[in-house]
Amino acid sequence: MRQSAANYRRFTEEEIKRANGVDLLMLAKKYGYETEKRGKNAVHLKNSGGLYIFPNENCFYHHTSDEKHKEGGAISFVMHQEGMPFGEAVGKLLNEDYVVYQAEQKAYAPEPHRLVTLPDKAQNFKRVYWYLVSVRGIDSQIVSALMNEKKVYQEAEFGNAVFVGYDRDGTARYCSMRSTYPNSKFKRDADNSDKSYPFFVEGKSDLAIITEAPIDLMSHATLTKMFGNTDWRQDHRLSVGCLSMAALDRYLEWHPEIKKLVFALDNDYLARNQKGELANWGQLAAERAIKAYSEKGYKCALHTPRLNDFNTDLTEIRKGKTPTDLDRQRENEITMDFEKYGLQGGDEKEDLEL
């Protein structure tokens with residue numbers, strides 16, 4: 001019989017830390033979940049309605065849940081699974097012989113389907129149009145076309161740019177928002193947004209170009225037009241919303257005719273991990289994806305932006321810079337970064353530069 005939370009004494013910070021350090025993958029398996037790898041760091045729990053574990057951080061996130069404890073560490077995970085209060089969850093996790101209470105174990109039941117909550121549309125989209133064309137440098141024809149297809153619009157309350165991904169039936173399933181104020185870093189997904197549905201432009205060829213974000217997609221398409229290919233709709237284009245390839249997998253199910261993949265992910269050449277080591281997340285993810293999809297029989301290629309992403313390339317080219325200028329700019333940024341961290345150039349720099 002489950003004990004009342006009142007029976008638990010007050011736990012020390014060390015005990016809470018130890019409880020929260022219990023391996024989440026082990027817990028998930030004890031609850032009967034099967035796992036599958038999704039993206040760079042995420043593990044998806046099959047038939048969970050969008051429950052992901054991130055082993056490196058030992059944390060979880062439930063994309064489609066609106067419960068209070070839909071993310072966090074081991075304590076929140078047990079609270080999420082069993083609906084028990086904090087004290088009971090800590091006490092359960094501190095049991096060295098951790099066993100799921102069979103009498104209390106919940107059989108998996110799919111959560112009721114919830115559609116993404118789209119923000120209200122503004123009466124006109126002038127601010128978003130200005131932002132994407134004048135600030136971001138995206139081709140006006142591309143912006144207008146995607147607005148007409150209801151994939152891009154302006155939010156009513158704050159004037160944010162809204163990007164929508166649809167399923168095969170034309171139902172909105174994914175929605176990301178970002179501020180149209182140039183110095184603002186605001187960006188978030190709408191409630192119930194499902195990243196396994198891509199923001200996409202359907203093409204006519206057997207080739208798909210994969211980017212991280214909708215603005216990257218539109219920027220890459222703009223550069224395609226600028227450098228001679230006026231038909232920016234010839235190839236399939238999709239953004240996956242992050243570095244997970246769940247949206248790509250879904251899109252490939254929709255389009256079995258696709259045989260070639262070009263990964264145009266970010267070039268995070270100045271990014272560093274928690275240890276201060278260079279870690280080019282976008283290009284590392286692209287390399288893993290190329291290996292994985294090549295093994296599935298796809299012809300894969302890498303298209304690396306010269307600077308951080310294709311929108312940065314685009315905006316700099318709009319200022320009159322050449323590809324050679326961009327290469328020089330990247331090299332200067334890398335040199336400054338090495339000086340900042342007290343490192344010298346030479347062989348070390350050549351090995352780390354992408």
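Rules of the game
- Residues numbered from 1 in each chain as written.
- Predicted model: local features only at pLDDT ≥ 70, side-chain atom pairs only at ≥ 80, totals over all residues.
- Heavy atoms only, no water.
- Helix = DSSP H or I, 4+ residues; strand = E, 2+ residues; numbered from the N terminus.
- Buried < 20%, exposed > 50% of the residue type's maximum accessible area, 1.4 Å probe, protein only.
- Areas by Shrake-Rupley, 256 points an atom, 1.4 Å probe, with all protein chains shown as cover.
- Expected span 1.5 Å × (residues − 1).
- Pairing = 2+ DSSP bridges.
- Axes fitted to C-alpha atoms, helices over the stretch in contact; angles between N-to-C directions.
- Contact = heavy atoms within 4.5 Å.
- Phe/Tyr/Trp six-rings, centres within 6.5 Å; stacked < 30°, edge-to-face > 60°.
- Lys NZ or Arg CZ within 6 Å of the ring centre and 35° of its normal.
- Polar contact = N/O pair within 3.5 Å; in protein donor to acceptor, adjacent residues only side chain to side chain.
- Core = buried A, V, L, I, M, F, W, Y, C linked by side-chain atoms within 4.5 Å.

### Re the overall build of the protein chain
Thinking step 1. On a plain count of helices and strands, the protein chain comes out with 12 helices and 14 strands.
Thinking step 2. Considering the protein chain as a whole, with its 354 residues, one finds that 47% of them fall into the buried category.
Thinking step 3. Put simply, the protein chain shows about 18,600 Å² of open surface, and 48% of that area lies on carbon and sulfur atoms.

### Points about unusual backbone geometry
Thinking step 1. With a phi angle near 65°, K150 is a residue other than glycine that sits in the positive phi range.
Thinking step 2. Here K150 is to be found in the loop between α6 (140–148) and β6 (152–154).

### Considering helix α11 (residues 323–340)
Thinking step 1. Across its 18 residues, α11 extends 26 Å between first and last C-alpha, which sits within 8% of the 26 Å expected from 1.5 Å per residue.
Thinking step 2. Regarding α11, the residues found buried are L326, Q329, R330, I334, D337 and F338.

### Notes on the sheet that holds strand β13 (residues 260–263)
Thinking step 1. Taken in spatial order, the 5 strands of this open sheet run β10-β12-β11-β13-β14, and their pairing is mixed. A single partner strand is all that each edge strand has here, and the edge strands are β10 (199–201) and β14 (299–302). When the angles between neighbouring strand axes are averaged without regard to direction, this sheet yields 20°.
Thinking step 2. The sheet contact formed by β10 and strand β12 (residues 236–239) spans 3 bridges and is antiparallel. Across the sheet, the residue bridging to V201 is R237, located in β12.
Thinking step 3. Where helix α8 (residues 246–254) meets the sheet, its contacts fall on β10, β11 (207–211), β12 and β13, and the angle it forms with β12 comes to roughly 150°.
Thinking step 4. Sitting on the sheet, helix α9 (residues 281–295) is in contact with β13 and β14, with an inclination near 165° to β14.

### A short note on the packing of aromatic side chains
Thinking step 1. Under the defined criterion, the tally for this structure stands at 9 aromatic pairs.
Thinking step 2. On the basis of an interplanar angle of 40° and a centroid distance of 6.2 Å, the ring pair of F125 and Y153 is categorised as tilted. One end of the pair, F125, is in the loop between α4 (86–94) and α5 (126–135); the other, Y153, is in strand β6, and 28 residues separate them in sequence.
Thinking step 3. By the ring-pair criterion, three or more aromatic residues cluster together here, those being Y197, F200, Y251 and W254.
Thinking step 4. The residue whose ring lies beneath K121 is Y153, and the NZ or CZ to ring-centre distance is 5.2 Å.
Thinking step 5. We note K151 situated over the ring of F200; from NZ or CZ to the ring centre the distance is 4.5 Å.

### Here we look at the side chain of Q283
Thinking step 1. Structurally, Q283 is set in helix α9.
Thinking step 2. Q283 sits in the buried class, given a relative accessible area of 4%.
Thinking step 3. Separated by 2.9 Å, the side chain of Q283 and the backbone oxygen of D266 make a polar contact.
Thinking step 4. Of the polar contacts made by the side chain of Q283, one reaches the side chain of T304; its length is 2.8 Å.

### Structural notes on the sheet that holds β6
Thinking step 1. Taken in spatial order, the 4 strands of this open sheet run β6-β7-β8-β9, and their pairing is antiparallel. Strand pairing shows two members of the sheet lacking a second neighbour, β6 and β9 (187–189), which therefore form its edges. With strand direction ignored, the average angle separating the axes of adjacent strands in the sheet is 25°.
Thinking step 2. As paired strands, strand β8 (residues 172–178) and β9 are joined by 3 bridges and run antiparallel to one another. Counted as the bridge partner of M177 is R188 from β9.

### Brief notes about the nonpolar core
Thinking step 1. Membership of the largest hydrophobic core comes to 55 residues, with the highest contact counts inside it found for L132, M218, L248 and F263.
Thinking step 2. When neighbours within four sequence positions are excluded, M218 is seen to be in contact with L132, I138, I142, L146, V152 and F163.
Thinking step 3. Counting residues in hydrophobic clusters, the runner-up holds 22 residues, among them A19, L24, I53 and A74.

Any functional reading would require information beyond the geometric quantities listed.
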